[in-house]
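The residues making up each chain are set out below.
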Amino acid sequence: MNKEEIVVSRPSISTSGELHEISAVISGGGIDQRVWFRSRSAFGTSLSYNSVAFLAVALFPAMHKGLPLRIEAPIPQEILQKLLDFQRMYSQWISSYRAVEIIAQDDGSEDNGVDVTGNQAFFFTAGVDSFHTYEGNRESITHALYLYGADLQLDQKELRELVSSELGKATE
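Here's what I pulled together on the structure shown here. (Residues numbered from 1 in each chain as written. Predicted model: local features only at pLDDT ≥ 70, side-chain atom pairs only at ≥ 80, totals over all residues. Heavy atoms only, no water.)

### Remarks on the pattern of salt bridges
All chains considered together, the criterion is met by 9 salt bridges. A salt bridge links R88 to D85, with the shortest nitrogen-to-oxygen separation between them at 2.5 Å. Linking R88 with D85, this pair stays in helix α3 (residues 77–93), spanning 3 residues, or about one helical turn. The partner of E166 in a salt bridge is K169, and the shortest N-O contact between them spans 3.2 Å. Taken as a pair, E166 and K169 lie in helix α5 (residues 157–170) at a separation of 3 residues, close to a single helical turn. (Salt bridge = Lys/Arg side-chain N within 4 Å of Asp/Glu carboxyl O. Helix = DSSP H or I, 4+ residues; strand = E, 2+ residues; numbered from the N terminus.)

Written out as structure tokens, the structure is:
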């Protein structure tokens, strides 16, 4: 890191039995945190080194701190372009957040050998907006992602398992 910035490391993918995990380290600006997404076999076979999910996690701290965000893996140009508008709009809503520079490889610059054709995921919070998104796009959505630690604390294992089970049923 040459200047103060928030960095998302290149993701790593691991498999243990039917459980697949993609993880990366987010560091800088007082942050040093390993972030991971886990899934059972159906989704795990299409994990990619693309870092869009980690961009979604790291963008808000970067905007809140006003620090550039560097992603050490590919991000589709279309997403980077749309995030310019999103950041402008969000920073108007919440004045303590500022639009920041996002530095990332072009998605086409690296072939990770994983075919994700036909996969469409969305972040599912179990709120009204999430259900509306799911119902309006049910035919094209193949995966729903729930972010633990936002609404439910990570140490609430039994409650997390119950919520996972119920959210799975809701999005079948």
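### Side note on the nonpolar core
Ranked by internal contacts, the top residues of the largest apolar core, which has 23 residues, are V8, F54, L55, L59, L69, I71 and I102. Mapped onto this core, the elements with two or more residues apiece are β1 (6–8), β3 (19–28), β4 (31–39), α2 (52–65), β5 (69–75) and α3. The element that contributes the greatest number of residues to this core is α2, accounting for 6 residues. Ignoring any residue separated from it by four or fewer positions in sequence, one finds L59 in contact with L69, L83, F86, Q87, V100 and I102. Core analysis: the second largest hydrophobic core is formed by 7 residues, Y134, Y146, V163 and L167 among them. (Core = buried A, V, L, I, M, F, W, Y, C linked by side-chain atoms within 4.5 Å. Buried < 20%, exposed > 50% of the residue type's maximum accessible area, 1.4 Å probe, protein only. Contact = heavy atoms within 4.5 Å.)

### Considering α2
Taking 1.5 Å of rise per residue, the 14 residues of α2 would be expected to cover 20 Å, and the 20 Å separating its terminal C-alpha atoms lies within 8% of that figure. The sharpest bend along α2 reaches about 35 degrees and sits at A58, with the proline P61 one to four residues further on. Where the residues of α2 are buried, they touch β1, β3, β4, β5, α3 and β6 (102–106). Once α2 ends, the next one or two residues include G66, with phi positive near 70 degrees. (Expected span 1.5 Å × (residues − 1). Bend = angle between axes of the 7 residues up to and from the residue.)

### Some details on the pairing of β5
Sheet faces and side chains relate simply in a regular strand, where the side chains alternate between the two faces. Judged by how many residues are buried, β5 sits mostly within the fold: 5 of 7 residues are covered. Taken together, the 3 bridges between β1 and β5 define a ladder with parallel strand orientation. Bridging from a neighbouring strand, V7 pairs with R70 of β5. Where β5 lies against β6, 4 bridges are found, and the strand directions are parallel. Across the sheet, I75 pairs through a bridge with D106, a residue of β6. (Pairing = 2+ DSSP bridges.)

### Quick notes on a nonpolar patch on the surface
A cluster of nonpolar side chains, M89, W93 and I94, forms an exposed patch at the surface whose accessible area comes to about 310 Å². Among the secondary structure elements, I94 is positioned in the loop between α3 and β6. (Patch = residues over 30% accessible without salt bridge, like charges linked within 9 Å, V, L, I, M, F, W, Y side chains within 5 Å. Areas by Shrake-Rupley, 256 points an atom, 1.4 Å probe, with all protein chains shown as cover.)

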